Amino acid sequence: MQFSDRLANIKPSATLTINAKALELKAQGIDVTSLAVGEPNFSTPEHVRDAAKRAIDEGFTRYTAVPGISALREAIAEYFRRSYGVEVTPDCTIASNGGKQSLYNLFLALLNPGDEVLVPAPYWVSYPAMIYLNEGVPVPVKATAAAGFKLTVEQLEAARTPKTKILLFNSPSNPTGALYSEEERDAIVRWALDRGLFIIADEIYDQLVYDPHKPLSLVGWWKQYPDRIAIINGLAKSFAMTGWRVGYTVAHPDLIKKLSQITGQTTANICSISQKAAVAALTGPYDCVESMRLAFQKRRDMAWQELASWPGVACPKPEGAFYLFADISALYNDAMPDATAVCTRLLSEAKVAAVPGDAFGAPEGLRFSYAVADDVLMDALERVRKVLIGK
Ligand code: GLU
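On a predicted model such as this, the values are computed, not experimentally measured, just so you know.

Draft legend 1. A look at the overall build of the protein chain. The secondary structure content of the protein chain amounts to 13 helices and 12 strands. In terms of overall dimensions, the protein chain is globule-like: its C-alpha atoms have a radius of gyration of 21 Å, near the 21 Å expected for 391 residues. A burial count over the protein chain gives 55% of its 391 residues as buried. Across the protein chain, contacts joining residues at least 24 apart in sequence account for 74% of those joining residues at least 6 apart. Charge separation in the protein chain, taken as the distance between the mean sites of 40 positive and 43 negative side-chain charges, equals 2 Å.

Given below as C-alpha cells:
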C-alpha cells in the first residue's frame, strides 16, 4: 500500500507499545511488572464514577456541544480560579479526548509546513510525532542530567531560527519529572514572548508536584498574553482517569473557535458520560488528588533513593510527575550497548518493562514510571538492579 508522506517519520508510541507488550506477556502467565506507562494504579474516585453512572441512567448518552457541555467548560474555568486564583471564562476553554487531542489540534491549528517547534528534550514520546503529522519540524533542545534536565534561555536561543514558531513547555516534565522554578520558567516565557514565539504549556502534571513545591501554571501569563499562549491539561493523571479521555485547552476565544471547528469536523464532542464525570471531578473535593499526590511522593522518595544509590546511574531527583529518568550510559557495554538492549534484557531477565530513552530523544537513559503500588515498585527495582549492576 502507498501511505502519505506525512507518515514517514511516525513510529508507534513507545510508552503504549511497551506497556501493551508487558500486558501481553502477563496474559500468557508470565509475571511481568510494567513500569512503562504513566498510568496511576488508583481507581477513579467514587463520586466521579457515580456521576458517570447517573449520566447513563439519566440517558445522557447523546451528542453534546462540540467544545463540551457548558457545565464542563464552566468547571474547567473554575479549576483555574480555584487552583491559581485566575479568572478564565468558559469561552476560552474546550474539552478534548485526552490532553493528546488538545495538543494535536493546537499543532493543526497553528503550524504551516516547515514551521519549527522547540521541544525540550528529554521529551514526551508523542510530541515529535504530532508535529510531523502536522507538517511541522520538531527541534529538540537537549537538557542533561547534570543540569537537572532543565534548559536555559541561552540553549533555547541557540536553537531558534527564523522558522521557529512555537515553544513547547512541559513542567513537571514527562519523562524526567523536572520542575522549573517560577524564576527559571519566567525567564523562558519572557524570552519566548520577546522573540514572538507562541507557547504551548503542557500542564498535565501540574497537581503532581512534591513538597515543598506548589502547583505552577502559565495561566497568569496567559491572562496577560491570551493570544500568545495556550495551556493544556486533563484529568487522566491527577484524578486517575486515564481511560475516560478527558483533556482540555485554555486559549484565546478565536483559537478555541478554530479548535472547535477542527473537533467538529473530526471527532465531534468527547464522550458525554466522561463529560459528566469530569464535571464531578473538577467541581468536587480535591482531597482525592491530594492523597494520590502524597502516595506518589512516597514512591518517588523510595524509588529515587534506590536508583540514586546505584553506581554508574545518574538520576536527578524528580520534583513532579511520576517518572524517574536515569542516565545509565556509563553502564553500556558489549552485552548491553544501548538503552533498547538494556530494556530488552530487563524484560527477559528482570521481568520489568521500562521505556528506552531513545523514544524521548535521550538515548543515554531509561524511564521508569512509579505509578504502581509501593511493594510492586520496589520489588521490580530490585530485579532491575540485579540485571543492571549485578547485585
Ligand atoms: N503519557 C503517558 C506516558 O507517557 C501515557 C501513555 C502515552 O500516552 O504516552 O506513559
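Draft legend 2. A look at the packing of aromatic side chains. Tallied over the full model, the rule gives 17 aromatic pairs. An angle of 70 degrees between the planes, with centres 5.5 Å apart, marks the rings of F42 and F296 as edge-to-face. Note that F42 is positioned in the loop between β1 (33–34) and α2 (46–57) and F296 in helix α11 (residues 287–308), a separation of 254 residues in sequence. On the accessibility criterion, F296 (0% relative accessible area) is buried. With centroids separated by 6.4 Å and ring planes inclined at 65 degrees, the aromatic side chains of Y79 and Y248 adopt a geometry described as edge-to-face. In this pair, Y79 is assigned in helix α3 (residues 70–84) and Y248 in strand β8 (residues 247–250), connecting sequence segments 169 residues apart. By relative accessible area, Y248 is classed as buried at 1%.

Draft legend 3. Quick peek at the site of the ligand. In the vicinity of the ligand, the contacting residues are T15, L16, V37, G38, K100, W124, N174, K237, Y323 and R367. Within the side chain of W124, an N or O atom sits 3.0 Å from an oxygen atom of the ligand. In the environment of the ligand, an oxygen atom lies 2.9 Å from a nitrogen or oxygen atom belonging to the side chain of N174. Relative to its free-state accessible area of 280 Å², the ligand is covered by the protein chains to the extent of 89%. Of the residues contributing to the shell around the ligand, the split by class is 4 nonpolar, 3 polar and 3 charged.

Draft legend 4. Quick peek at the sheet that holds strand β6 (residues 198–202). In spatial order, the strands read β2-β8-β7-β6-β5-β3-β4; together these 7 strands make up an open sheet with mixed pairing. Every interior strand has two partners, whereas the edge strands, β2 (93–96) and β4 (137–142), have only one. Mean inter-strand twist for the sheet, computed between neighbouring axes without regard to direction, equals 25 degrees. As defined by bridge partners, β6 adjoins strand β7 (residues 229–234) across 4 bridges and the pair is classed as parallel. What sits directly across from D202, in β7, is I232. In the packing of α3 onto the sheet, contacts are made with β2, β7 and β8, and the angle to β8 comes to roughly 70 degrees. Packed onto the sheet, helix α7 (residues 182–194) meets β3 (116–121), β5 (164–170) and β6 and runs at close to 165 degrees relative to β5.

Draft legend 5. Layout of the nonpolar core. Residues F80, L118, L218, I231, L235, F239 and L282 are the most contacted members of the largest nonpolar core, which totals 56 residues. No other element matches α3, which puts 7 residues into this core. Once you skip the residues sitting within four places of it in the chain, L118 turns out to touch V139, V141, L156, A159, R160, T164, I166, L167, L168, W191 and L197. Formed by 40 residues, the second largest nonpolar core is a distinct cluster that contains L103, L111, W124 and I131.

Draft legend 6. Just the UniProt feature "domain: Aminotransferase class I/classII large" (unreviewed entry) in the protein chain, in detail. Sites flagged by UniProt as "domain: Aminotransferase class I/classII large" (unreviewed entry) map to residues 31–382. Within the segment residues 31–382, helix and strand shares are 41% and 15% respectively, and the terminal C-alpha atoms sit 15 Å apart.

Draft legend 7. The sheet that holds strand β12 (residues 365–369), seen in detail. Spatially, 3 strands are ordered β9-β12-β11 in an open sheet, and the strand pairing comes out antiparallel. Two strands bound the open sheet, and with one partner strand each, they are β9 (323–327) and β11 (355–356). In the sheet, β11 pairs with β12 via 2 bridges, with the strands oriented antiparallel. Each bridged residue has a counterpart across the sheet, and for V355 the counterpart in β12 is R367. Across the sheet, helix α12 (residues 339–350) lies against β11 and β12, angled at about 40 degrees from β12, the strand it touches most.

So, how was this worked out
- Residues numbered from 1 in each chain as written.
- Predicted model: local features only at pLDDT ≥ 70, side-chain atom pairs only at ≥ 80, totals over all residues.
- Heavy atoms only, no water.
- Helix = DSSP H or I, 4+ residues; strand = E, 2+ residues; numbered from the N terminus.
- Rg over C-alpha atoms; globule rule 2.2 N^0.38 Å.
- Buried < 20%, exposed > 50% of the residue type's maximum accessible area, 1.4 Å probe, protein only.
- Contact = heavy atoms within 4.5 Å.
- Lys, Arg positive; Asp, Glu negative; His and termini not counted.
- Charge placed at Lys NZ, Arg CZ, Asp CG, Glu CD.
- Phe/Tyr/Trp six-rings, centres within 6.5 Å; stacked < 30°, edge-to-face > 60°.
- Near = heavy atom within 4 Å.
- Polar contact = N/O pair within 3.5 Å; in protein donor to acceptor, adjacent residues only side chain to side chain.
- Areas by Shrake-Rupley, 256 points an atom, 1.4 Å probe, with all protein chains shown as cover.
- Nonpolar A, V, L, I, M, F, W, Y, C, P; charged D, E, K, R; others polar.
- Pairing = 2+ DSSP bridges.
- Axes fitted to C-alpha atoms, helices over the stretch in contact; angles between N-to-C directions.
- Core = buried A, V, L, I, M, F, W, Y, C linked by side-chain atoms within 4.5 Å.
- UniProt positions renumbered as here; feature names shortened; annotations may be inferred.

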